[in-house]
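As a plain string of letters, each chain reads:
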Amino acid sequence: MSTVLIIGSGGVASVGAQKCAQNNEVFKTIIVASRTKSKCEAIVQRLKKYPVISIAEQVDAEVKENVVALIKKYKPAIVMNLALPYQNIPIMEACIETKTHYLDTAAAEVREKAGFEYSTQWVYHDRFKKAGVMALLGSGFDPGVTSVFCMYGKKHYFDTIDYIDILDANGGDHGYPFATNFNPEINIREITMPGRYYEQGQWKEIPALTVKETYQLDEIGPKDMYLMYHEELESIVKFIPEVKRARFYMSFSEKYLTHLRVLVNIGMTSVKPIMYEGEPIVPLQFLKAVLPDPSSLGPRTKGKTNIGVILQGHKNGKPVQYRVFNVSDHEKAYAEVGSQAISYTTGVPAMIGAALILTKQWSGQGVFNMEQFNPDPYMELLNKWGLPWKETFKPVLIK
Ligand code: NDP
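Residues numbered from 1 in each chain as written. Predicted model: local features only at pLDDT ≥ 70, side-chain atom pairs only at ≥ 80, totals over all residues. Heavy atoms only, no water.

*Asks:* Teacher, can you tell me more about the side chain of Ser251 here?
*Replies:* Here Ser251 is to be found in strand E12 (residues 245-251). Note on Ser251: relative accessible area 8%, which makes it buried. Here Asn170 takes part through its backbone nitrogen, which lies 2.9 Å from a polar atom of the side chain of Ser251. The residues contacting Ser251, other than those within four sequence positions of it, are Asp168, Ala169, Asn170, Lys223, Asp224 and Met225. (Helix = DSSP H or I, 4+ residues; strand = E, 2+ residues; numbered from the N terminus. Buried < 20%, exposed > 50% of the residue type's maximum accessible area, 1.4 Å probe, protein only. Polar contact = N/O pair within 3.5 Å; in protein donor to acceptor, adjacent residues only side chain to side chain. Contact = heavy atoms within 4.5 Å.)

This is the structure in structure tokens:
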């Protein structure tokens, strides 16, 4: 049984910590640390009903030395980085220095420029290898489970995969005219970037939110889905090299998009600082401050998410279309862990990734993506820990 250090105290960290506590055959001691100790204490309070030792700590993880000191104090077997993508690099550096396993749920970002890429984390491969420990990148739902879904399909149903479409649909309603389901700054940066997809060996770019398809999705009905760039496309095309096209779609309501267009048009989503009454402020960070806190959406959100992949390719020379997906219920997630399904569908896979590393079912030295391991144990644990999946060979595209 192991000690885990969870960095972050938002919705994802709260779910991740509670799921670790539920899986107390693997996790014995759970340290939760972020800049605001009271948020960590609130999570620790939720862990009290489980047979684990839980401790709240304070840390600014953007400074490597702070993370090193915390790791030295508690000697965790793994650090789960459930804070923000800005902290990925200092936390990875701290893990190398202390020879500790590392896991995150989103590719690294820098504040000054919207965009994310794995290359800034892949360069740490040799240093993790030399330290004799493992970094697992992107063990959330998307990125995360979506890559495992692709590898599971490939292993069991295909000789070659030609086309991959990832569909992330949210049929939930929180009753606000406009709010984001996870960190608004990270979320709006990602949505307002140009759309990008992979076709015939090349990356193709389109203006943000300009390509739409409608899909008929289990338990949530028809959904308008918009083509976007998402980080797992980068690792999927690297590790499924035969793929001819890979795209990512997310659902947005017309109401959400109307608000977003206005915010973009008036400059409120910019990440470039402007001067306001003699002080520099970043419009997007100010917008985050006025929007509802995603953690406050939990008790208000009704409906379900449906996230999965559609794979097309060949087996024994015959064409195959395969879909695998999970449906999660916002209210059910809230009843179990006090967070809506977006945090739930990220926190559960984070725990599963850490559990597979600690039980050595997924092992290696260096920096790894989800596609590099056997998907079967991960798929089993999704069913066990609250994210059951379904598969079908029926088409779902409406137009
Ligand atoms: P929140 O904004 O709710 O939480 C972010 C947390 O990061 C806060 O608790 C904050 O705590 C902590 N944090 C920020 N800066 C620092 C710092 N310098 N040092 C220590 N802690 C810090 O976000 P979510 O919980 O919604 O999301 C967490 C992560 O999960 C994000 O990286 C997000 O991109 C990712 N995600 C991944 C998904 C997937 O499917 N793969 C889906 C959804 C989210 P404090 O203020 O106390 O410092």
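There's plenty left to go through after this.
*Asks:* Would you explain the sheet that holds strand E6 (residues 134-137) in this entry?
*Replies:* Within a beta sheet, neighbouring strands are joined by backbone hydrogen bonds and run either parallel or antiparallel to one another. Reading across from one edge, E3-E2-E1-E4-E5-E6-E17 is the order of the 7 strands in this open sheet, with parallel pairing throughout. At either margin of the open sheet sits one strand with a lone partner, and together these are strand E3 (53-58) and strand E17 (366-369). Between one strand axis and the next, the sheet turns by 20 degrees as a mean value, whatever way the strands run. Bridging between strand E1 (residues 2-7) and strand E2 (residues 27-34) involves 6 bridges; their strand directions are parallel. Note that in E2 the partner of Val4 across the bridge is Ile30. Lying over the sheet, helix H4 (residues 88-98) contacts E1, strand E4 (78-81), strand E5 (101-104), E6 and E17, oriented at roughly 165 degrees with respect to E5. (Pairing = 2+ DSSP bridges. Axes fitted to C-alpha atoms, helices over the stretch in contact; angles between N-to-C directions.)

*Asks:* Where do I start with the packing of aromatic side chains in this structure?
*Replies:* A ring pair, where both rings are aromatic, is described by two values, the distance of the centres and the angle of the planes. The full count for this structure, using the stated rule, is 17 aromatic pairs. Judged by centre distance (6.5 Å) and plane angle (70 degrees), the rings of Phe158 and Tyr322 are edge-to-face. Note that Phe158 is positioned in the loop between helix H7 (145-157) and strand E7 (160-170) and Tyr322 in strand E16 (residues 318-329), a separation of 164 residues in sequence. Neither residue differs from the other here; Phe158 and Tyr322 are each classed as buried. The residue whose ring lies beneath Arg300 is Tyr176, and the NZ or CZ to ring-centre distance is 3.7 Å. (Phe/Tyr/Trp six-rings, centres within 6.5 Å; stacked < 30°, edge-to-face > 60°. Lys NZ or Arg CZ within 6 Å of the ring centre and 35° of its normal.)

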